[in-house]
Amino acid sequence: SRTPIMAGNWKMNLDHVAATSLVQDLGEALKAAGYDSAKSEAVVIPPFTDIRTVATIIDGDKLPIAYGAQDISAHDDGAYTGEVSGTMLSKLGCSYVVVGHSERREYHSESDELVNAKAKKAIENGMTPIICCGEALEVRKAGKHVEHTVGQIKADLDGIPAEQVAKLVIAYEPIWAIGTGETATADDAQEVCQAIREAVKELYDAPTAEAVRIQYGGSVKPANVAEIMAKPDVDGALVGGASLKAGDFSKIVTFY
Ligand code: 13P
């Protein structure tokens, strides 16, 4: 009963002109593929500077695509140069906000405490956080990937009530599989997604664990999406590189 969610994280790619073409092409590709929004939810996550443009096209052409942001400030407003607030994003029509992407944890020293505050800020502003987690290569080699990832999620969900957790999205992205062409196997994805769901059950209850959607991310492509999506605890994909090509992303969205 969980609707799969396929989200394209554009990262720091495409200016607003290129974004216009991509979202228009994606709309056409989905239509040509006979996309059925009951079978999967299509989401694009452009850079902040493209959101207004993307929103205008999606709303104007009534495209069956939701959109969101790659980050959110933990603050409401005021003297926070360079930050973008939850109010600003929700007023642009964002439905989703990615929080705690490994690139922000690594290059901007984001802690679980900050990720937790950002997730709460997204919820406060009526948006759904996509909370990212996942281990580095050394952690996996040490066999501690489940423990590490579940630990992140427990900290990231701290103080978020069950009814909100049931509606949010968790993205398991092993860092060693991001942008490397090295995909985790479907069994690797399932192992950790299942462990995350178990942890949600322990922290909350069975209905909350059954409702929360858990994505896999890391080198997802048209060629490997079906196998990954066949796993019972994988409810979608967070896609980087392949989301920059309308044809590829359309194939991923219509994996079913
Ligand atoms: P790639 O699909 O390029 O590996 O990126 C995954 C990712 O980090 C999505 O957030």
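Report follows, based on the coordinates. These numbers come from a predicted model, not from an experiment.

### So, the site of the ligand
Phase 1 of the analysis: Taken together, the neighbourhood of the ligand is formed by 13 residues, with Lys11, Gly179, Ser219, Gly240 and Gly241 sitting nearest.
Phase 2 of the analysis: At 2.8 Å from an oxygen atom of the ligand is found a side-chain nitrogen or oxygen belonging to Lys11.
Phase 3 of the analysis: Contact distances for the ligand include 2.9 Å between an oxygen atom and a side-chain N or O atom of Glu173.
Phase 4 of the analysis: Against a free-state accessible area of 310 Å², the protein chains account for coverage of 95% of the ligand.

### Remarks on the packing of helix H7 (residues 145-156) against helix H9 (residues 186-203)
Phase 1 of the analysis: Direction vectors running N to C along H7 and H9 enclose 45°, while the axes themselves pass 10 Å from each other. Compared by their axis directions, H7 and H9 come out oblique. The crossing of H7 and H9 is right-handed. Across the interface between the two elements, His145, Val146, Thr149, Val150, Ile153 and Lys154 of H7 pack against Glu191, Val192, Ala195, Ile196, Ala199, Glu202 and Leu203 of H9.
Phase 2 of the analysis: Of the residues that constitute the contact of H7 with H9, the class distribution is eight nonpolar, two polar and three charged.

### Examining unusual backbone geometry
Phase 1 of the analysis: The phi dihedral of Ser109 falls on the positive side, at around 50°, and the residue is not glycine.
Phase 2 of the analysis: In this fold, Ser109 is placed in the loop between helix H4 (102-107) and helix H5 (112-124).
Phase 3 of the analysis: On the basis of relative accessible area, Ser109 is assigned to the exposed category, the value being 63%.
Phase 4 of the analysis: We note that Ser219 has phi near 55°; this positive angle belongs to a residue other than glycine.
Phase 5 of the analysis: Tracing the backbone shows Ser219 in the loop between strand S7 (213-217) and helix H11 (225-229).

Calculation rules
- Residues numbered from 1 in each chain as written.
- Predicted model: local features only at pLDDT ≥ 70, side-chain atom pairs only at ≥ 80, totals over all residues.
- Heavy atoms only, no water.
- Near = heavy atom within 4 Å.
- Polar contact = N/O pair within 3.5 Å; in protein donor to acceptor, adjacent residues only side chain to side chain.
- Areas by Shrake-Rupley, 256 points an atom, 1.4 Å probe, with all protein chains shown as cover.
- Axes fitted to C-alpha atoms, helices over the stretch in contact; angles between N-to-C directions.
- Helix = DSSP H or I, 4+ residues; strand = E, 2+ residues; numbered from the N terminus.
- Parallel < 35°, antiparallel > 145°, perpendicular 65-115°, else oblique.
- Left-handed = near helix turned anticlockwise from the far one by under 90°.
- Contact = heavy atoms within 4.5 Å.
- Nonpolar A, V, L, I, M, F, W, Y, C, P; charged D, E, K, R; others polar.
- Buried < 20%, exposed > 50% of the residue type's maximum accessible area, 1.4 Å probe, protein only.

These figures come from the coordinates and say nothing about function on their own.
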